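# Structural characterization, general
Residues per chain are reported as follows:
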Amino acid sequence: VQLVESGGGLVQPGGSLRLSCAASGFTFSRYDMRWYRQAPGKERELVAAITSAGGSRNYADSVKGRFTISRANAKNTVYLQMNSLKPEDTAVYYCKAHSALVNYWGRGTQVTVSS
């Protein structure tokens, strides 16, 4: 089982990034997918979630209207489009495959928002 995040980097405030999470080793289309983030000295927090077929999405209040989660089951990939980035969005971003029985985590990708 593997979840590999990519697309992080350094961006100026107001900029955009698109994170990807490529999954392998399990039946991706059967899992809800979630993006979390963890800033230095803070707890890991849920940022966005999408159901297995993509029919329902939820967001943390802090990112509503700026971030969009999507998935391509044919590509075993989940995305996080991040617009209007703020310095407080700086964190390591992780994807998670979620089910009632088992969860899988990626290793994360660093996002730094700074001028």
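Residues numbered from 1 in each chain as written. Predicted model: local features only at pLDDT ≥ 70, side-chain atom pairs only at ≥ 80, totals over all residues. Heavy atoms only, no water.

The element strand β9 (residues 91-98) is largely enclosed, with a buried count of six among its eight residues. Alignment of strand β4 (residues 32-38) against β9, held across seven bridges, turns out to be antiparallel. Directly across from Gln 38, in β9, lies its bridge partner Val 92. Alignment of β9 against strand β11 (residues 109-113), held across three bridges, turns out to be antiparallel. The residue of β11 that forms the bridge with Val 92 is Gln 110. As defined by bridge partners, β9 adjoins strand β10 (residues 103-105) across three bridges and the pair is classed as antiparallel. The residue of β10 that forms the bridge with Lys 96 is Trp 105. Adjacent in sequence and paired antiparallel, β9 and β10 are bridged by four residues. (Buried < 20%, exposed > 50% of the residue type's maximum accessible area, 1.4 Å probe, protein only. Helix = DSSP H or I, 4+ residues; strand = E, 2+ residues; numbered from the N terminus. Pairing = 2+ DSSP bridges.)

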